[in-house]
Amino acid sequence: MSNGVITEVRLPRLQRNDLPKTRDVVDPKVREKASLIVDNVKQNGEKALLDYAIRFGDLKEGQPHILDKKALKASFDSLPKDQQNVLTRVAKRIEHFANAQRGSIRDFKTPIPGGFAWQKVSPVERAGCYAPGGRFPLPSSVLMTAVTARCAGVKEVWVASPRPAEVTKAAAHVAGADFLLCIGGAQAIAALAYGAGDIPACDAIVGPGSQWVTAAKQLVAGKCAIDMLAGPSELLVLADDSAKPDVVAADLLAQAEHDVVAVPMLVTTCEELVPLVEKELTKQLHVLGTKATATKSMLNNGFVVVCDTMEEAIETADFLAPEHLEILTHNCEDVAAKLNHYGALFIGTHAAEVLGDYGAGPNHTLPTGRTARYTGGLSVHCFLRVRTWMQLTEPVRTDAQDLVADCVALANLEGLEGHSKSAAKRKKKTINGGKHDDKKKTVGGGDGTVYEDVPKSLNSSCSASCVLFDMDGGLAEG
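Residue numbers run consecutively from 1 along every chain, following the written order of its sequence. Only residues with pLDDT of 70 or above have their local features reported here, since the model is predicted, and side-chain atom pairs are shown and tallied only from 80 upward, although totals for entire chains, interfaces and linings are computed over all residues. To obtain the side-chain values, all non-hydrogen atoms of the structure were used and water was disregarded.

## A look at the overall build of the chain
Consideration 1: Helix and strand labels come from DSSP, where a helix needs a run of H or I of at least four residues and a strand needs a run of E of at least two; each type is numbered from the N terminus. Counting its regular elements, the chain contains 15 helices and 17 strands.
Consideration 2: Whether a residue is buried, partly exposed or exposed follows from its accessible area with a 1.4 Å probe, protein chains only, as a fraction of its type maximum: under 20%, in between, or over 50%, in that order. Looking at the chain as a whole, 47% of its 478 residues are labelled buried.
Consideration 3: Whether two residues touch is decided by their heavy atoms; if any such pair falls within 4.5 Å, the residues are in contact. Contacts spanning at least 24 positions in sequence make up 73% of the contacts within the chain whose residues lie at least 6 apart.
Consideration 4: The protein chains shown are the only cover counted for residues, whose accessible areas, like all others here, come from Shrake-Rupley with a 1.4 Å probe. Of the accessible surface of the chain, which amounts to about 23,600 Å², a share of 52% is contributed by carbon and sulfur atoms.

Take a look at the structure:
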């Protein structure tokens, strides 16, 4: 750049060994400062929350900080019909995919020795959904988070967004949110996690946000569930000689305009493609309304990796584990099948990443900073608990008694005598001729079955702890 004018884009060429091995999602210095805000809201509740909101410009003195359903609907009604229709159509697409996700995990009942075990899938009761305010309103983030919560079955949904525009409030209405908190930052996350005034504590907090929001989510994780720690947005375009330079450039710029810390990446097997893409980047930046932001992120964070083979390119993409991964190659479906690590995959020229951003169906809240190696994006699963039930309806059956015996033995091996005795209380003793051994303490069952105390413990030197059954929920009917 010269005097703010873009002369020519030249992306850094990196080798495989030059690529960042880690990328800290949360800045330790930001986390330290965010912890002061979180602790203050935790201790002082609404007073601290409103003090921060006024100080940081989210609210004016006396301005309401919570909007109810009636206020959200009023914002929706104030929009032009075409904007209302866009929000409604996008919400339905998100809902369709989220409902399909919800249907993919079900309750089930399966036999176990002497009885049955159940899996029960239940939503959390209350969720907080964060949507950034920033330079632009982001109604898409409201829809992606709150619609998904509703499809999971969450009873009460709160949206938090600083200085919400009318379209943001309208999106909350379309998504079925119960309330909108007009405050952002670490203070909003703290309020959703611990409660503040009329804001109840939420069981799960999800959604993208600034580094302050991400730091606060890390701090409250454990008090409630969080979806992920999302850092700067990323797009990796995996391309060969079939890719169109103007399309590659447009997709990289769409990512770059998010923020000055966004990370646009190109991995290609075609050396000749690179200068053509750079020429297109220069050309398109000249007429891009968000060129100030896009230019900084492209020049400061963007890079190219040229690989000798597609196998090397796939390995490079897997190493980077990007948030968004576009495949613009020959045989794109075959290439897709070989990739393992990404937040969301976009296969072929027509599956533009921006279509995912704006509601094709799958969620756009995705893992960044190589965290896609171990986690996925926001989904209904972020709001669900998988719990188990167990009931023995035929405790004297042979296989049930084998289970009891194994539990007694394993508990003794681990040195947990209380576990062993507890299991042994369920051990059957056969009574011959109505007589039993008076030398052993017995407890008779109504069906004539006798359960005896634990025999002499097995020798053990182990001291590790163990929980044999961790059941959450009441016993099912027999």
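Right, picking up where we left off after that structure.
## Some words on the pairing of strand S13 (residues 344–347)
Consideration 1: Here S13 shows one buried face, formed by Ala344 and Phe346, and one open face, formed by Leu345 and Ile347.
Consideration 2: Here the rule is simple: two strands pair whenever DSSP picks up at least two bridges between them. Across four bridges, the pairing between strand S12 (residues 324–328) and S13 is parallel. When the sheet's bridge partners are listed, His324 is paired in S13 with Ala344.
Consideration 3: In terms of handedness, the path from S12 via helix H12 (residues 332–338) over to S13 forms a crossover that is right-handed. Here the term right-handed applies to a crossover when the path leading from its first strand over the helix to its second strand runs clockwise, the strands being oriented away from the viewer.

## Some points on the sheet that holds strand S10 (residues 263–268)
Consideration 1: In spatial order, the strands read S11-S10-S9-S12-S13; together these five strands make up an open sheet with parallel pairing. The sheet is open, and its two edges are formed by strand S11 (303–306) and S13, each paired on a single side. Taken pair by pair, the neighbouring strands of this sheet meet at an average axis angle of 15 degrees, ignoring direction.
Consideration 2: Bridge count for strand S9 (residues 234–239) against S10 is six bridges, and the pairing is parallel. Note on S10: the bridge partner recorded for Leu236 is Met265.
Consideration 3: In this analysis, axes come from line fits to C-alpha atoms, helices being fitted only over the stretch in contact, and the angle between any two N-to-C directions falls in the range 0 to 180 degrees. Across the sheet, helix H8 (residues 245–256) touches S9, S10 and S12, and the angle it forms with S9 is around 170 degrees.

## Thoughts on the packing of aromatic side chains
Consideration 1: A pair of aromatic rings is counted whenever rings of Phe, Tyr or Trp (Trp by its six-membered ring) have centres within 6.5 Å, and the orientation is called stacked for planes under 30 degrees apart, edge-to-face for over 60 and tilted otherwise. With the rule as written, the count across this model stands at four aromatic pairs.
Consideration 2: Between Phe116 and Trp118 the ring centres are 6.4 Å apart and the planes differ by 50 degrees, which places this aromatic pair in the tilted class.
Consideration 3: Residue Trp118 is classed as buried on the basis of its relative accessible area of 15%.
Consideration 4: Ring plane angle 55 degrees and centroid distance 6.3 Å describe the contact between Trp118 and Trp389, whose orientation is recorded as tilted. Here the residue Trp118 occupies a position in strand S3 (residues 115–123), and Trp389 occupies one in strand S14 (residues 384–392), the gap between them amounting to 271 residues.
Consideration 5: Taken together, Phe116, Trp118 and Trp389 form an aromatic cluster joined through their ring pairs.
Consideration 6: Counted as over-ring charges are cases with an Arg CZ or a Lys NZ within 6 Å of the ring centre that also lie within 35 degrees of the ring normal. When the ring centre of Phe319 is taken as reference, the NZ or CZ atom of Arg16 above it lies at 4.0 Å.
Consideration 7: Residue placement shows Arg370 over the ring face of Phe319; its charged tip is 4.3 Å from the ring centre.

## Some details on helix H10 (residues 291–301)
Each α-helix turn comprises 3.6 residues. Residues three or four places apart therefore point the same way.
Consideration 1: For H10, every residue scored as buried is listed here: Thr293, Ala294, Thr295, Ser297 and Met298.
Consideration 2: Against H8, S10 and helix H9 (273–286) lie the buried residues of H10.

## Some remarks on the packing of helix H1 (residues 28–55) against helix H6 (residues 185–194)
Consideration 1: Contact geometry of H1 with H6 gives a least axis separation of 8 Å together with a crossing angle of 80 degrees. By the angle between their directions, the pair H1 and H6 is classed as roughly perpendicular. Of the residues in H6, those touching H1 at Ala34, Ile37, Val38, Val41, Lys42, Leu49 and Tyr52 are Ala186, Gln187, Ala188, Ala190, Ala191 and Tyr194.
Consideration 2: Residues are grouped as follows: Ala, Val, Leu, Ile, Met, Phe, Trp, Tyr, Cys and Pro are nonpolar; Asp, Glu, Lys and Arg are charged; all remaining types, including Gly, are polar. Of the residues belonging to the contact of H1 with H6, the class tally is eleven nonpolar, one polar and one charged. Angles are sorted into four bins: roughly parallel if under 35 degrees, roughly antiparallel if over 145, roughly perpendicular if 65 to 115, and oblique for all others.

## Focus on the confidence of the model for the chain
Consideration 1: Confidence in the prediction of the chain, expressed as mean pLDDT, is 89, and 88% of residues score 70 or more.
Consideration 2: Within the model, the stretch residues 430–478 combines pLDDT values under 50 with 78 contacts to residues more than four positions away or in other chains. The predictor attaches a confidence to each residue, and that confidence, scored 0 to 100, is pLDDT.

## Some words on the nonpolar core
Consideration 1: Among the nonpolar cores identified, the biggest contains 75 residues, and Leu143, Val154, Val159, Ile205 and Phe383 are the most heavily contacted of them.
Consideration 2: Among the elements that line this core, the one with the most residues is H1, at nine residues.
Consideration 3: Look past the residues within four positions of Leu143 in its chain and what remains in contact with it is Leu87, Val90, Ala91, Ile94, Thr148, Ala171, Val174 and Ala175.
Consideration 4: Core analysis: the second largest hydrophobic core is formed by 23 residues, Leu11, Ala249, Leu252 and Val304 among them. In plain words, nonpolar cores are sets of buried Ala, Val, Leu, Ile, Met, Phe, Trp, Tyr and Cys residues tied together by side-chain atoms within 4.5 Å.

## Notes on a nonpolar patch on the surface
Consideration 1: Excluding any residue in a salt bridge, patches collect residues exceeding 30% relative accessible area, merging like charges within 9 Å and nonpolar Val, Leu, Ile, Met, Phe, Trp and Tyr side chains within 5 Å. A pair is scored as a salt bridge if a Lys or Arg side-chain nitrogen falls within 4 Å of a carboxyl oxygen belonging to Asp or Glu. Taken together, the side chains of Val354, Leu355 and Tyr358 make up a nonpolar region of the molecular surface, amounting to roughly 300 Å² of accessible area.
Consideration 2: With a relative accessible area of 57%, Tyr358 lands in the exposed category.

## Quick look at the pattern of salt bridges
Consideration 1: This model, assessed by the stated rule, comprises 15 salt bridges.
Consideration 2: Between Asp178 and Arg150 there is a salt bridge whose closest N-O contact spans 2.7 Å. In this pair, Asp178 sits in the loop between helix H5 (166–175) and strand S6 (179–181) while Arg150 sits in helix H4 (residues 139–152), placing the two residues 28 residues apart along the sequence.
Consideration 3: A salt bridge links Lys421 to Glu417, with the shortest nitrogen-to-oxygen separation between them at 3.3 Å. Here Lys421 and its partner Glu417 are both found in helix H15 (residues 417–424), four residues apart, which amounts to about one turn of the helix.
Consideration 4: Take Glu417: its relative accessible area is 43%, and that puts it in the partly exposed class.
Consideration 5: Connected through salt bridges with shared partners, the residues Glu8, Arg10, Arg13 and Glu278 form a single ionic network.

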